[in-house]
Amino acid sequence: MSETPQTLRARAEIDLGALRGNVRALRERVGTGVQVMGVVKADAYGHGAVPCARAALEGGATWLGTATPHEALALRAAGIDVPVLCWLWTPGDPWDEGIRAGLDMSLSGMWALEEVTRAARATGGTARVQLKADTGLGRNGCQPADWPRLVGEALKAQAEGLVRITGVWSHFACADEPGHPSIAAQLDAFHDMLGYAEKAGVEPEVRHIANSPATLTLPESYFDLVRAGIALYGVSPSPELGTAADFGLRAVMRLVGSLALVKTVPAGHGVSYGHHYVTERETNLGLVPLGYADGIPRHASGRGPVLVGGKVRTVAGRVAMDQFVVDLGRDAVEPGAPAVLFGAGDQGEPTAEDWARAADTIAYEIVTRIGSRVPRVYTNVTHAS
Ligand SMILES: *Cc1c(COP(=O)(O)O)cnc(C)c1O
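Residues numbered from 1 in each chain as written. Predicted model: local features only at pLDDT ≥ 70, side-chain atom pairs only at ≥ 80, totals over all residues. Heavy atoms only, no water.

### Some details on the pairing of strand 14 (residues 283-288)
- Of all the six residues making up strand 14, six are buried; the element is thus mostly covered by neighbouring parts of the structure.
- Residues T283, L285 and L287 point to one face of strand 14 and N284, G286 and V288 to the other, with burial holding for every one of them.
- Across five bridges, strand 14 lies against strand 17 (residues 324-329) in antiparallel orientation. Opposite V288, over in strand 17, you have F324 as the bridge partner. (Buried < 20%, exposed > 50% of the residue type's maximum accessible area, 1.4 Å probe, protein only. Helix = DSSP H or I, 4+ residues; strand = E, 2+ residues; numbered from the N terminus. Pairing = 2+ DSSP bridges.)

Here it is as structure tokens:
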């Protein structure tokens, strides 16, 4: 791994070998006949969209998924030509570019069908569209009451050659809470809405509803394809389900800073803004040059765990914009020594799940919010990627 002046302060090491292994583990879990879509929205949950997309494909994913069309078009611009579904369209978005790029474009309502058919007429192309059903999430997707109209109008547009309906799909609300009654209710609703569409004449290439937690716990949700996001990155969707290791997954991101300063301060010394931490005795303080501008949650002030000098320490006082402090006690640790905030957890370091607990949030947010000031350094890169 190359150390540049930029990566000396801090870096997020991204283990593409772990990512490939995670996809392989998911493929083994779902079995042959079920495809894996690698979800690489939000810059691959902070890990870097293009390198992670390539690694996911090397691991055996056959589809990619993004939220916005711009994220999907960026994959095409990088030369990635596998099927890509993007599902978060807003009025005025570039449907014409999506048609030319051969994206699968999700439609949740009539406004979207109207815009995409207009773009298809203008470009002379056929839009690949997937119809999204709101089976109970109550977020994006088409309500059951509006489904017959959306399906009927989409079939008319298909008959005119303007669209091809490639998929019917939905998304769970509570898949991370096994046994939650909404799960069975959503599966029933999906079977109903899918059945309606198929009876009306839709012949989807893919039918899908499972996200990572469903992929890990709910085989009856697999249909033709599973959409795996957080599991790709080796992070457990929720502590209730188990650890990443329980599912044969390995964390892809390791976040490391280098101590910018080590100094001895006397007893009774306040530490960082607000003096919420005060030293009990003479002690060595280590300065970690990462802060909330880098995505370290300020909410983890006084709580976040960090491996420094062979021991897990706790953030002393407030996380500031660019830096925070750890109390090293009597330990002599040199400036420049690594401070590991999180990683795979098998070398004594905390995990993103530990930071989620410390900051009262989910591990998705911990990895996704690591900021652009932190360089990503890719390891186990194959020739192809
Ligand atoms: C983010 C997202 C996913 C992936 O969810 P994970 O829990 O990270 O696997 C799947 N489908 C949709 C619609 C999403 O927005």
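### Focus on the packing of helix 7 (residues 110-123) against helix 8 (residues 147-159)
- In the contact formed by helix 7 and helix 8, the axes pass within 10 Å of each other and the chain directions differ by 10°. Comparing their axes, helix 8 and helix 7 come out roughly parallel. Counting all contacts with helix 7, which are made through M110, L113 and T117, the residues of helix 8 involved are R149, L150, E153, A154 and A157.
- Looking at the contact of helix 7 with helix 8 residue by residue, the classes come out as five nonpolar, one polar and two charged. (Axes fitted to C-alpha atoms, helices over the stretch in contact; angles between N-to-C directions. Parallel < 35°, antiparallel > 145°, perpendicular 65-115°, else oblique. Contact = heavy atoms within 4.5 Å. Nonpolar A, V, L, I, M, F, W, Y, C, P; charged D, E, K, R; others polar.)

### Topic: the packing of aromatic side chains
- By the definition in use, this model includes six aromatic pairs.
- Ring centres of W95 and W111 lie 6.0 Å apart, and the angle between their planes is 65°; on these two criteria the pair is classed as edge-to-face. Here W95 is found in helix 6 (residues 95-100), whereas its partner W111 is found in helix 7, with 16 residues between them in sequence.
- Note on W95: relative accessible area 3%, which makes it buried.
- Among the aromatic residues, ring-to-ring pairing joins Y45, Y233 and Y364 into one connected group. (Phe/Tyr/Trp six-rings, centres within 6.5 Å; stacked < 30°, edge-to-face > 60°.)

### What to know about the site of the ligand
- Taken together, 14 residues form the shell around the ligand, and within it K41, Y45, S212, I230 and Y364 come nearest.
- One nitrogen or oxygen atom from the side chain of K41 is found 2.6 Å from an oxygen atom belonging to the ligand.
- Between the ligand and Y364 there is a distance of 2.7 Å, counted from an oxygen atom to a side-chain nitrogen or oxygen.
- Considered on its own, the ligand offers 390 Å² of accessible surface; in the complex 94% of this is hidden by protein.
- Every element with two or more residues in the shell around the ligand is listed here: helix 3 (41-46), helix 10 (212-217) and strand 9 (225-228).
- Grouping the amino acids of the shell around the ligand by side-chain chemistry returns seven nonpolar, four polar and three charged. (Near = heavy atom within 4 Å. Polar contact = N/O pair within 3.5 Å; in protein donor to acceptor, adjacent residues only side chain to side chain. Areas by Shrake-Rupley, 256 points an atom, 1.4 Å probe, with all protein chains shown as cover.)

### Brief notes about the sheet that holds strand 9
- On the basis of which strands lie adjacent, the open sheet formed by eight strands has the order 8-7-6-5-4-3-2-9 and parallel pairing. Across the chains shown, the open sheet's two edge strands, defined by having one partner strand only, are strand 8 (206-208) and strand 9. The average angle at which neighbouring strand axes cross in this sheet is 30°, direction not considered.
- One ladder, built from four bridges, connects strand 2 (residues 35-39) with strand 9; its direction is parallel. In the sheet register, V36 faces strand 9, and the bridge partner there is V226.
- Sheet strands touched by helix 8: strand 5 (104-107), strand 6 (127-132) and strand 7 (163-169). Its angle to strand 7, the strand with the most contacts, is close to 150°.

### A few points about the sheet that holds strand 1 (residues 10-15)
- Read from one edge to the other, the open sheet built from nine strands follows the order 11-14-17-16-15-18-10-1-19, with strand pairing classed as mixed. Each edge of the sheet is formed by a strand with only one pairing partner; in this case those strands are strand 11 (261-265) and strand 19 (376-379). On average, each strand axis in the sheet is tilted by 35° relative to the strand beside it, whichever way the strands run.
- Across the sheet, helix 2 (residues 16-30) is in contact with strand 1 and strand 19; its angle to strand 1 comes to roughly 40°.

### Describing the domain arrangement of the protein chain
- If you check the domain split of the protein chain, you get domain 1 (16-236) and domain 2 (253-379).
- With centres defined by C-alpha atoms, the gap from domain 1 to domain 2 works out at 37 Å.
- Taken together, the contact between domain 1 and domain 2 spans 12 residues of the former and nine residues of the latter.
- The junction of domain 1 with domain 2 conceals about 990 Å² of combined surface from both sides, 61% of it contributed by carbon and sulfur atoms.
- When the buried surface of domain 1 facing domain 2 is broken down by residue, Y45, G46 and H47 rank first, second and third, together holding 41% of it. (Domains from an automatic or database assignment. Buried area = accessible area lost by both parts, 1.4 Å probe.)

### Here's the deal with the pattern of salt bridges
- Following the criterion strictly, the structure yields 22 salt bridges and no others.
- For R11, the salt bridge identified is with E13, shortest N-O distance 2.8 Å. E13 carries the same exposure label as R11, and that label is buried.
- For E205, the salt bridge is made with R164, and the minimal N-O distance between the two is 3.3 Å. You can see E205 sitting in the loop between helix 9 (181-200) and strand 8 and its partner R164 sitting in strand 7, a full 41 residues away along the chain.
- Among the residues examined, E205 registers a relative accessible area of 37% and is labelled partly exposed.
- What emerges from the salt-bridge pattern is a single network uniting R9, D294, D322 and R373. (Salt bridge = Lys/Arg side-chain N within 4 Å of Asp/Glu carboxyl O.)

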